[in-house]
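# Observations on chain architecture
Here is how the chains run, residue by residue.
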Amino acid sequence: MTELTPRQLKAQETKKNLLEKGLELFHERGFDNVTVESIAKACNVSKGAFYVHFTSKYDVFLEKFKDIDEFYLSFIPSIPADLKASEKILLFYKGQMTYLRDILGKDFIHTIYTSALALTINDDHYLTDQNRQLYQIIRSYVEEGVERREFKRELSVDEISMLVTRCMRGTIYDWIIFRERLDPVVEIHSMTSVVLDGLKCDSDSEFDSIKRV
């Protein structure tokens, strides 16, 4: 592995500072009240230096979500491959919410999601972008469940995926609203279990027989 030069290390440090300060300012002032200039000034760099690393203040969010999605990918190997799709989804969500609660923290999540409400929602919005690793992971579990006849076939993979991921988004928003009165790790299990039970076939015998083959 090539060792980074002092200039490259300095660039990494600048980008990290811009990211952290940007998120801090969004939390303090609200997304609409923060400018690229104010982020750059808080980090003692020029606007030009900001644009070396980000194309807009919106990209500050995108960069952080790349880091979050990398964690999701790293968590996948810890989920046993021989579990049912519904069990994999529940374990994944448990890991996700534990990470959000214990590592990122409710204040950071509050900043991300409340700032997102100030943005125009479109097909490319990071919270709805189906190309994100988060959505691709859930979709892969749903596809597995449909293929193994664990889930009813009346609904498409897209429809089931939307219902399952809505549990995740709903839990996060409720966590923001209710704060300490709600534990997202407990809530995601409760809500998603109910939805998954409604999506399952009447009998698990088909799944079990396929699993034994």
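Residues numbered from 1 in each chain as written. Predicted model: local features only at pLDDT ≥ 70, side-chain atom pairs only at ≥ 80, totals over all residues. Heavy atoms only, no water.

### Digging into the environment of S193
- Mapped onto the fold, S193 is located in helix 9 (residues 184-199).
- Residues S193 and C167, spaced 26 residues apart in sequence, show a C-alpha to C-alpha distance of 9.6 Å. (Helix = DSSP H or I, 4+ residues; strand = E, 2+ residues; numbered from the N terminus.)

### Things to note about the packing of aromatic side chains
- In the structure shown here, the tally under the stated rule is nine aromatic pairs.
- Pairing F71 with F75 gives two aromatic rings, centres 6.2 Å apart and planes at 25°, and the pair type is stacked. Residue F71 and its partner F75 are located together in helix 4 (residues 58-75), separated by four residues, close to a single helical turn.
- F71 sits in the partly exposed class, given a relative accessible area of 24%.
- Judged by centre distance (5.7 Å) and plane angle (65°), the rings of Y72 and F92 are edge-to-face. Placement of Y72 in helix 4 and of F92 in helix 5 (residues 85-104) is noted, with a sequence separation of 20 residues between them.
- Judged by relative accessible area, which is 3%, Y72 ranks as buried.
- Under the relative-accessibility criterion, F92 is labelled buried at 0%. (Phe/Tyr/Trp six-rings, centres within 6.5 Å; stacked < 30°, edge-to-face > 60°. Buried < 20%, exposed > 50% of the residue type's maximum accessible area, 1.4 Å probe, protein only.)

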